[in-house]
Amino acid sequence: MERALYAEDPKFASALEGSGLRTYTRRRVYQAVAGFLVGIALLMAGMVAQLIWISVVGFLVMLGCAVLAVTGWRKAPKPGEQPAGAVRRPVRAKRSMMDRIEERWQRRRDEQGR
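Rules and cut-offs
- Residues numbered from 1 in each chain as written.
- Predicted model: local features only at pLDDT ≥ 70, side-chain atom pairs only at ≥ 80, totals over all residues.
- Heavy atoms only, no water.
- Helix = DSSP H or I, 4+ residues; strand = E, 2+ residues; numbered from the N terminus.
- Areas by Shrake-Rupley, 256 points an atom, 1.4 Å probe, with all protein chains shown as cover.
- Buried < 20%, exposed > 50% of the residue type's maximum accessible area, 1.4 Å probe, protein only.
- Contact = heavy atoms within 4.5 Å.
- Salt bridge = Lys/Arg side-chain N within 4 Å of Asp/Glu carboxyl O.
- Patch = residues over 30% accessible without salt bridge, like charges linked within 9 Å, V, L, I, M, F, W, Y side chains within 5 Å.

**Some thoughts on the overall build of the protein chain**
Here is step 1: A count of helices and strands for the protein chain gives 5 helices and 0 strands.
Here is step 2: The order of helices and strands in the protein chain, counted from the N terminus, is α-α-α-α-α.
Here is step 3: With the model as given, the accessible surface of the protein chain reaches about 9900 Å², and the carbon-plus-sulfur share is 62%.

Below, the structure is given as structure tokens:
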């Protein structure tokens, strides 16, 4: 239905999309970048003041913000695309590695026996 709306009236569809997941993830990435810059400032301040614990806190802030930025960037849907959680995929039962190995072994035996 969303794709049909984009095909019929893309301007209206993009106006409706403005406050959705894409805006939230973009804002989250920007906040993570700002936090990363704060972490750099803490790291440098700790080095200047010769207080290692401030530098360690700055590094941890940088690391956490980098993770948030990367995960937020990957989750952001493209314009006109459905969010990742919106599409229902058929659920497959997870098989263990041993089940897959046994299945391959049986296939090979069946192919050699013919």
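**So, the environment of Gly46**
Here is step 1: Along the chain, the position of Gly46 falls in helix α3 (residues 21-49).
Here is step 2: Using a relative accessible area of 2% as the deciding quantity, one classes Gly46 as buried.
Here is step 3: Spatially, the C-alpha atom of Gly46 lies 8.2 Å from that of Val56, the residues being 10 residues apart in sequence.
Here is step 4: Gly46 has contacts with Leu51, Ile54 and Ser55, leaving out every residue within four places of it along the chain.

**Let's talk about the pattern of salt bridges**
Here is step 1: Scanning the entire structure with this criterion turns up 1 salt bridge.
Here is step 2: Here Arg107 makes a salt bridge to Glu103, at a shortest N to O gap of 3.7 Å. One end of the pair, Arg107, and the other, Glu103, are both in helix α5 (residues 97-113), 4 residues apart, so they sit about a helical turn from each other.
Here is step 3: A residue is classified by how much of its surface remains accessible, and Arg107, at 45% relative accessible area, is partly exposed.

**Describing a nonpolar patch on the surface**
Here is step 1: A cluster of nonpolar side chains, contributed by Ile52, Val56, Phe59, Leu60, Leu63 and Val67, occupies part of the molecular surface with about 590 Å² of accessible area.
Here is step 2: Along the chain, the position of Val67 falls in helix α4 (residues 52-75).

**What to know about unusual backbone geometry**
Excluding glycine, residues mostly have negative phi values, and the peptide bonds linking residues are mostly trans.
Here is step 1: Even without a glycine there, the phi angle at Gln50 is positive, about 55°.
Here is step 2: Classification of Gln50 as exposed rests on a relative accessible area of 69%.

**Section: the side chain of Ser55**
Here is step 1: Relative to the assigned elements, Ser55 resides in helix α4.
Here is step 2: Filtering out sequence-adjacent residues up to four positions away, Ser55 remains in contact with Leu42, Leu43, Gly46 and Met47.

The values reported here are purely geometric and, on their own, carry no functional implication.
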